[in-house]
Amino acid sequence: MLWYVIRRLLLIIPTLLGLSVIVFAIARLLPGDPVGLAAGPNATPEVIASVAAEFGLDKPIPVQYWNYLTGLLQGDWGVSLFSRRPVAADLAEFVPATLELVIAALLIAVIVGIPLGLLAAIWRDGIFDYLTRTVSLGAIAMPRFFLGLLLQLAFAMALNWLPLSGRFPLIEFPPERITGFYTVDAILIGDWHALGVALQHLALPALALSLSPLATILRMMRASTIEVLQQDYILTERALGIPSWIILFKYTLRNAVSATLTVIGLYVSWLLGGTVLVETIFDWPGIGLYSTQAILGQDFMPVIGVTLVIAMIYLVTSVIVDILQAVLNPKVRLQ
Amino acid sequence: MALLDISDLHLSMRSFEGETPILKGIDLTVERGQIWGVVGETGSGKSLTGLTISRLLPNTTARYTGGQVLFDGKDVLRAGERDMRALRGGRIGMIFQDPTTNLNPSFRIGTQMVDAALHAARDKPAILGLTGRESRRARRRAAWQASVALLESFGLHDAEDRMARFPHEFSGGMRQRVLIAMAMIGQPDLLIADEPTTALDVSVQSQILRLIHRLVEERNIGVMFITHNLGVVAQLCSHVAVMYRGRIVERGPVSKVLKAPEHIYTRALMDAIPTARAQMDTLRGIDWPLRDRIEAEIAATAKEVTA
Ligand SMILES: Nc1ncnc2c1ncn2[C@@H]1O[C@H](COP(=O)(O)OP(=O)(O)OP(=O)(O)O)[C@@H](O)[C@H]1O
Ligand SMILES: [Mg+2]
């Protein structure tokens, strides 16, 4: 088991290497003139040449790639053409923000979706089942930005319960940085006020982001529960007189969740790629906003960095999903 | 009082096309110490009869349109779900055809067996040597020990270790032993076995049959053994009931029925046994002209009864 995990994690490295070649090539070979954009419209050829030299862009692309790669290994992810800030520093700030949002959304989706899906299956074709079916269809179909706007209108503007946008009030200092996750850091240093403030800011964007995965997990969970309830072993368990709540919440639940787990894993990448609109509406300083700006500005070092980080998160998630799968389902052999 | 007394049981199943009568007047009495073989072609209603005794059919699709099923004098068709749950496991044990699909693949054997034992011990703590006032942990430990002992006595060596294993680590024959052990841990008075050896190879099959025979001798239980295999009936059963299209067309002691079958369908069944006897589980099909004669004979006997 441990060996399996180590091997899977080591396998991530060649995947990332290959990906970095592709992304680097695409970013550099795309038409466009990033150096000219960065140097400004009135730059003389000399200025442009000096900017190119400063960023190493005057060298052949393979050499540029090699320099980038050796830099990566030393924690140097390159420099943004615009802000002239190191990409590594930007990522350290924006990645935790997005991850916090995505994890919160996923937690909501799993914690609400799994029990509701189980109940919908138990009360199959009842009122509850029809209700969740209708609502989840709507939730899957509704665009996230629209949902975000609705939530803002209701909970921030009309009811004034929650902040409209942002990750933390501008006039306050966020909790001292340990992990970069405001909620986690607040708990680590025991600052309960900051935790409350961070959660209030997190609530609406996480909710907006969670609804579609929640609905999908619910539907998936309902289907796999119905499937499990038709299995022979459930009949055997009933014939043994085992109480129905044990059959449902112990013997059915584990099998149904293990079937749903794959979908949950897939949603991680969907969420990572889908935060842009939600981050825009809620003014959430994450990689969605960051990479949009970078792409529009042809600022390719950040683009490559963000792509590699998302790929890494996705690859690690798939290892975690496989491990969980093996824990839930003893027939899955890790090797 | 008979252990199981089914009289004039009628059952209809609802589906999209409407309601179809499936059981059309089943009469069957099982006493302790008897092993009833229930034979009949596929679709004749054997399994549904077995499931009815434990009331395991969904009440959304199954409708009982007549008759009664008395278990130890109690009418199970009119019993509440709570009463039924007390009967299941503790008074009526069931085993099914396919040992590969009847164990939950995600849980250790021990977990499933201990849950079965704990449930049965709620009404009958004595089966685990308890008085009913022990702590949860003491009850669990007793359930664990009783399970290990039962598995050992069923020929599973190192049962203590095996309890911690998952179903897929067992062979088919071992799984069926585990399933019989789970059905017997509550020390039921009636065992309903629905084709328990059909999915097993012949040598394992005879081990399972011997095990069931031993249970009847040691514990004086009644058994309803559903099968397609008249060879098995001849070896194991004391009595046999022949089902055809929702009715029992012939019943009686095995020696009598198999030696001198009275009903034309029983004779057809026996003729259909391949000459390499008992080696094959399935029967050769019955051809259509014969089917018409069987129908005619059944119609005639039905008229006699009503007349
Ligand atoms: N859930 C159900 N809904 C509707 N009809 C059913 C259902 N289950 C079984 N039946 C029908 O009831 C009849 C009897 O089924 P049953 O399973 O009792 O047959 P069987 O004698 O056990 O056959 P086999 O030897 O193949 O196991 C069949 O015609 C079958 O189509
Ligand atoms: Mg059957």
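Residues numbered from 1 in each chain as written. Chains lettered and ligands numbered in written order. Predicted model: local features only at pLDDT ≥ 70, side-chain atom pairs only at ≥ 80, totals over all residues. Heavy atoms only, no water.

A. Geometry of the environment of M94 of chain B. All names here are of chain B. Within the secondary structure, M94 sits in strand β6 (residues 92–95). Given a relative accessible area of 5%, M94 falls into the buried group. Separated by 85 residues in sequence, M94 and L179 place their C-alpha atoms 8.8 Å apart. (Helix = DSSP H or I, 4+ residues; strand = E, 2+ residues; numbered from the N terminus. Buried < 20%, exposed > 50% of the residue type's maximum accessible area, 1.4 Å probe, protein only.)

B. Highlighting the site of ligand 1. Residue and element names in this part refer to chain B. Contacts to ligand 1 come from M13, I22, E41, T42, G43, S44, G45, K46, S47, L48, E195 and H228. Within the contact set of ligand 1, an oxygen atom lies 2.4 Å away from a side-chain nitrogen or oxygen of T42. One of the side-chain nitrogen or oxygen atoms of H228 is found 2.7 Å away from an oxygen atom of ligand 1. Burial of ligand 1 by the protein amounts to 61% of the accessible area it has alone, namely 630 Å². If you tally residues by element for the shell around ligand 1, the top one is helix α1 (residues 46–53), at three residues. Of the residues that constitute the shell around ligand 1, the class distribution is three nonpolar, six polar and three charged. (Near = heavy atom within 4 Å. Polar contact = N/O pair within 3.5 Å; in protein donor to acceptor, adjacent residues only side chain to side chain. Areas by Shrake-Rupley, 256 points an atom, 1.4 Å probe, with all protein chains shown as cover. Nonpolar A, V, L, I, M, F, W, Y, C, P; charged D, E, K, R; others polar.)

C. Geometry of the layout of surface pockets. Estimated volume of the largest pocket: approximately 1,300 Å³. Listing elements by their share of the lining of the largest pocket, those giving two or more residues are α5 (87–122), α9 (192–229), α10 (232–239) and α11 (244–273) of chain A together with β1 (4–15), β4 (62–71) and α2 (81–87) of chain B. The element that contributes the greatest number of residues to the lining of the largest pocket is α10 of chain A, accounting for four residues. Across the lining of the largest pocket, the residue classes break down as 17 nonpolar, seven polar and nine charged. (1 Å grid on protein atoms, 1.4 Å probe; cavity = no way out; pocket = protein on both sides within 12 Å on 5 of 7 lines; lining within 4 Å. Points joined across faces, edges and corners; volume = space filled by probe spheres on them.)

D. Geometry of the packing of α5 of chain A against helix α12 (residues 275–282) of chain A. Residue and element names in this part refer to chain A. The N-to-C vectors of α5 and α12 enclose an angle of 105°; their axes lie 12 Å apart at closest approach. In terms of orientation, α5 lies roughly perpendicular with respect to α12. In this structure, α5 uses T98, L101 and V102 to contact α12, whose residues at the interface are T275, V278 and E279. Along the lines of polarity and charge, the residues of the contact of α5 with α12 split into three nonpolar, two polar and one charged. (Axes fitted to C-alpha atoms, helices over the stretch in contact; angles between N-to-C directions. Parallel < 35°, antiparallel > 145°, perpendicular 65-115°, else oblique. Contact = heavy atoms within 4.5 Å.)

E. Molecular detail of the confidence of the model for chain B. Looking at chain B as a whole, its pLDDT mean stands at 87, while 89% of the residues score no less than 70. The ipTM for the predicted assembly is 0.87, set against a pTM of 0.82. (pLDDT = per-residue confidence, 0-100.)

F. Spatial organisation of the environment of V79 of chain A. Residue and element names in this part refer to chain A. On the secondary structure map, V79 appears in the loop between α4 (61–73) and α5. For V79, a relative accessible area of 31% puts it in the partly exposed group. For the pair V79 and A198, spaced 119 residues apart in sequence, the C-alpha to C-alpha distance is 30 Å. With sequence-adjacent residues up to four places away left out, V79 is seen in contact with F55, R84, R85, P86, V87 and M301.

G. Looking closely at the interface of chain A and chain B. Each partner contributes to the interface: chain A provides 21 residues, whereas chain B provides 25 residues. The largest per-residue losses of area from chain A upon contact with chain B belong to A239, L240 and P330 of chain A, which jointly make up 25% of the total buried on that side. Put simply, chain A and chain B have one salt bridge between them. For K250 of chain A, the salt bridge is made with D115 of chain B, and the minimal N-O distance between the two is 2.7 Å. Where chain A packs against chain B, one counts 14 residue pairs in polar contact (both at pLDDT 80 or more). Every element with two or more residues in the side of chain A that touches chain B is listed here: α10 and α11 of chain A. (Buried area = accessible area lost by both parts, 1.4 Å probe. Salt bridge = Lys/Arg side-chain N within 4 Å of Asp/Glu carboxyl O.)

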